[in-house]
Number of protein chains: 2
Amino acid sequence: MIMEEDERYMREALREARIAAEEDEVPIGAVVVCRSRIIGRGHNMTERLNDPTAHAEMIAITAATEAMGGKYLNDCTIYVTVEPCPMCAGALAWAQMGRIVYGALDPKRGFSLYSPSLLHPKTVTEAGVLADECGSLVSEFFRNKRN
Amino acid sequence: MIMEEDERYMREALREARIAAEEDEVPIGAVVVCRSRIIGRGHNMTERLNDPTAHAEMIAITAATEAMGGKYLNDCTIYVTVEPCPMCAGALAWAQMGRIVYGALDPKRGFSLYSPSLLHPKTVTEAGVLADECGSLVSEFFRNKRN
């Protein structure tokens, strides 16, 4: 069930994605919210850090567990502009993320393509929040790359 | 095909795993080797860092890409004492790791349980190097925890 605040927090994830775009990174952003507070933010930094693990979600999860002082994020929601990849889904499973809200689908590398499920069994997911805006940010990025 | 040097490097991964054990972390270790040189090492640090993403492989991959000055590890082999989880397999896929050599199987969370494959199509895998030693380190750790 999509909630009223979901669009608001997705706009925060989109802000992160735009920071990535400005830094010439694939524009994906994420925020982790716990009890109406953003406790972790991240945007893709794989180029700048030369690190294939530096996805938006990974950075936001690490920031959130640091803020919480604990490894588990059962009471939290992550908002991410694009469907997480298997690496990030695996990280979300270890963190036992309560809820995952994402924007655009990733029909090539999205976690939902794999079975059995890569997520923790208690994690709730919601797809398609501001999907057009989230997706067009990425497609524009790659279109500009090709020109 | 298991090579002569595989046991030698797996012993280095086991050294890392033992450091984790001493720090009361689940004892899993990894090293990344490129042209007969160890360019990244890591052991599980999830408890100490309060970070569910701080697996041995993730730390070793980040160290190796830092050492290489590039995001891809096609010419490298990672030695890891236990079969990687989906998060780490996803990271190994992004890094396009050339070869993965692991010790003990993980019949609960190992990447090989999932389909389609979580690895890069060009990655070669080898299981079972020093499997007993690698596996008993973990099972002893949990046996001591229960006592």
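Structure's up top.
Calculation notes
Residues numbered from 1 in each chain as written. Chains lettered and ligands numbered in written order. Predicted model: local features only at pLDDT ≥ 70, side-chain atom pairs only at ≥ 80, totals over all residues. Heavy atoms only, no water. Helix = DSSP H or I, 4+ residues; strand = E, 2+ residues; numbered from the N terminus. Rg over C-alpha atoms; globule rule 2.2 N^0.38 Å. Buried < 20%, exposed > 50% of the residue type's maximum accessible area, 1.4 Å probe, protein only. Expected span 1.5 Å × (residues − 1). Contact = heavy atoms within 4.5 Å. Least-squares fit on C-alpha atoms with pLDDT ≥ 70 in both.

Which residues make up the overall build of chain A, and what values do they have?
Per the secondary structure count, chain A includes 5 helices and 5 strands. Taking 15 Å as the expected radius of gyration for a compact globule of 147 residues, we find that chain A reaches 14 Å, a close match to that expectation. Considered along the principal axes of its C-alpha atoms, chain A spans approximately 45 × 30 × 30 Å. Sorting the 147 residues of chain A into buried and exposed places 54% on the buried side.

Any chance you could break down helix α2 (residues 56-68) of chain B for me, citing the residues and the numbers?
The end-to-end C-alpha distance of α2 of chain B is 18 Å, a good match for the 18 Å that 13 residues give at a rise of 1.5 Å each. Within α2 of chain B, burial applies to A56, E57, M58, A60, I61, A64 and T65 of chain B. Next to the buried residues of α2 of chain B lie α3 (56-68) and α4 (86-94) of chain A together with β1 (29-34), β2 (37-43), β3 (76-82) and α3 (86-94) of chain B. Directly after α2 of chain B, the chain includes G69 of chain B, whose backbone phi takes a positive value near 70°.

Kindly report on the relation of the copies chain A and chain B, identifying the contributing residues and their values.
When chain A is fitted onto chain B, the two copies agree to an RMSD of 0.0 Å after a turn of 180° and an axial shift of 0.0 Å. Overall, the copies show the geometry of a two-fold rotation axis. For chain A, the residue whose C-alpha comes nearest the rotation axis is M87 of chain A, separated from it by 2.0 Å.

Requested: an account of the environment of F142 of chain A, with residues and values cited.
Assignment of secondary structure puts F142 of chain A in helix α5 (residues 131-146). In this structure, the C-alpha to C-alpha distance between F142 of chain A and P27 of chain A, residues 115 residues apart in sequence, is 9.7 Å.

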